[in-house]
Every structure is written in C-alpha cells, then in structure tokens.
Amino acid sequence: GAPGAPRRDGINASRGEFIPEPGPFRIEDFTQGLPLFAEQGENGLRYGFFDREGNRAIPPRFDEAGIFSEGLAAVSEGDLRGWIGQDGDFRIVLPRESESFGGFNEGLAVVSYNEADHRVIDRSGEEVYATSQRLAWRVGDGRVGAYSASRGNYSYLAMPPGPIPDLHGPFD
C-alpha cells in the first residue's frame, strides 16, 4: 500500500476479494489452509485460525499458537499445552509443564521441559528421544538439531533407535 495508508490484514480469497474486512486482528502465516491470526481479548492476545474463505474456523481461544504442520498446530490454552487438529480439538496434550515445543516435521516434534530435559515425540505423543542437550526445532532424517554449550554452536545429533536414555547431568 501507499506510505501512511492504514494496514489491511485479510485474505485474498480465490474470488479475488479481500476478506475478512479489516478488524482488530493480525494475520500470521498461512499454512495448510488455516492462517493463524491474533486478536486482542480482555486478557491479552488470543490466537485462532481462519479458513480459506476468511471465516473463523477455530475461534481465538489460545494463549499461544503456532502454524499448522502435518495437520497439527502447537498451542497452549490455560494449563493445557499440546497440538490441535484442524477442527481445533487437542490431539496430543503434554503430560507436564514445558518451556517450549514446536511443529511436526517428518512425524516428529521437539519439546523442551526445562534447561536439562529435552524430548522428541512422535505424532502419537510417545517420546522417541531424550537428551539434556538443548535441542533446536529442526527434526528430520533421524537427526535433531542440538546446541553444544562447550563448542558454542549447533549441530545435528543422530537419534539412535531403542530405549530413551535416562537424563542425569549435563550432556556435553
């Protein structure tokens, strides 16, 4: 738009029209047909998802939300943290408080419970890998990005099959 013109957030539908009308929301990334949007509520920003036509497919009820990846979106709602399906229902709920968690890639996602407890889970919510080394969000090809404090850089770790290791003490 022209400099100084008001910002218009919305969706350019297949019909070429601008929907929804500009409102008190901010549209985030558009993935898998459901763009994430943020709207100011009584208790701060709330996140929801529009459909391709600009309708509110999932109302803005989440405290935090990420984009859809492999049919799931990472969200938090009150004390619940986990992943919802495209209908807005929780598919995976984390068993305890976490510091951060991300989207799925190749059927896997990273969950960080605290500074020394990082896990990789599959789409059923089962833990498939654990380490005390800080993990990045990228998972794929049997590897996960990890940060090495002693080396001061990121690298990829192979996730060996088999039992999940017991977490005692620092990794590096």
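See the structure printed just above.
Okay, so let's go over this structure.

Calculation rules
- Sequence order as written defines the numbering, with residues in each chain counted from 1.
- Local features in this predicted model are restricted to residues of pLDDT 70 or higher, and side-chain atom pairs are both shown and tallied only at a pLDDT of 80 or more, whereas totals for entire chains, interfaces and linings draw on every residue.
- Note: side-chain values were computed over all heavy atoms of the structure, leaving out hydrogens and water.
- Pairs of strands are assigned from DSSP output, requiring at least two bridges between the strands.
- Numbering of helices and strands runs from the N terminus; a helix is a DSSP stretch of H or I covering at least four residues, while a strand is a stretch of E covering at least two.
- Inter-axis angles, ranging from 0 to 180 degrees, are taken between N-to-C directions of lines fitted to C-alpha atoms, where helices are fitted over the stretch in contact.
- The pairing test for Phe, Tyr and Trp rings, Trp by its six-membered ring, is centres within 6.5 Å, and the orientation test on the planes gives stacked under 30 degrees, edge-to-face over 60, and tilted for anything in between.
- Residue burial is assigned from relative accessible area. The probe radius is 1.4 Å, only protein chains are included, and a residue is buried under 20% of its type maximum, exposed over 50%, and partly exposed in between.
- Salt bridges are defined as contacts in which a side-chain nitrogen from Lys or Arg sits within 4 Å of a carboxyl oxygen from Asp or Glu.

**A short note on the sheet that holds strand 10 (residues 90-93)**
Then, number 1: The four strands lie next to each other as 7-8-9-10, forming an open sheet whose pairing is antiparallel. Each end of this open sheet is capped by a strand with a single partner; those strands are strand 7 (64-69) and strand 10. Here the strands of the sheet are splayed against their neighbours by 25° on average, with no regard to which way each runs.
Then, number 2: Where strand 7 and strand 8 (residues 72-77) come together, four bridges link them in antiparallel fashion. Counterpart to alanine 65 in the pairing with strand 8 is valine 75.

**Observations regarding the packing of aromatic side chains**
Then, number 1: Scanning all chains against the criterion turns up four aromatic pairs.
Then, number 2: Between phenylalanine 37 and phenylalanine 50, the ring centres sit 4.2 Å apart and the planes meet at 20°, which makes this aromatic pair stacked. In this pair, phenylalanine 37 sits in strand 4 (residues 34-41) while phenylalanine 50 sits in strand 5 (residues 44-50), placing the two residues 13 residues apart along the sequence.
Then, number 3: Phenylalanine 37 sits in the buried class, given a relative accessible area of 0%.

**Section: the sheet that holds strand 14 (residues 127-131)**
Then, number 1: As summarised here, the arrangement of the four strands in space is 11-12-13-14, forming an open sheet in which the pairing is antiparallel. Only two strands of the sheet have a single neighbouring strand rather than two, namely strand 11 (100-101) and strand 14.

**Remarks on unusual backbone geometry**
Then, number 1: Even without being glycine, glutamate 70 reaches a positive phi, approximately 55°.
Then, number 2: Here glutamate 70 lies in the loop between strand 7 and strand 8.
Then, number 3: We note that glutamate 106 has phi near 50°; this positive angle belongs to a residue other than glycine.
Then, number 4: Overall, glutamate 106 belongs to the partly exposed group, its relative accessible area being 47%.

**Section: the environment of isoleucine 67**
Then, number 1: One can find isoleucine 67 in strand 7.
Then, number 2: Residues isoleucine 67 and leucine 36, 31 residues apart in the sequence, show an inter-C-alpha distance of 6.2 Å.

**A look at the pairing of strand 14**
Then, number 1: As defined by bridge partners, strand 13 (residues 117-122) adjoins strand 14 across four bridges and the pair is classed as antiparallel. Residue pairing across strands places valine 120 opposite tyrosine 129, the latter belonging to strand 14.

**Some remarks on the pattern of salt bridges**
Then, number 1: Evaluation of the coordinates by the stated rule reveals nine salt bridges.
Then, number 2: The partner of aspartate 63 in a salt bridge is arginine 46, and the shortest N-O contact between them spans 3.0 Å. Of this pair, aspartate 63 sits in the loop between strand 6 (56-62) and strand 7 while arginine 46 sits in strand 5, and the two are 17 residues apart along the sequence.
Then, number 3: One continuous salt-bridge network, built from bridges that share partners, spans Arg96, Asp117, Arg119 and Glu127.

By themselves, these figures tell us nothing about what the structure is for.
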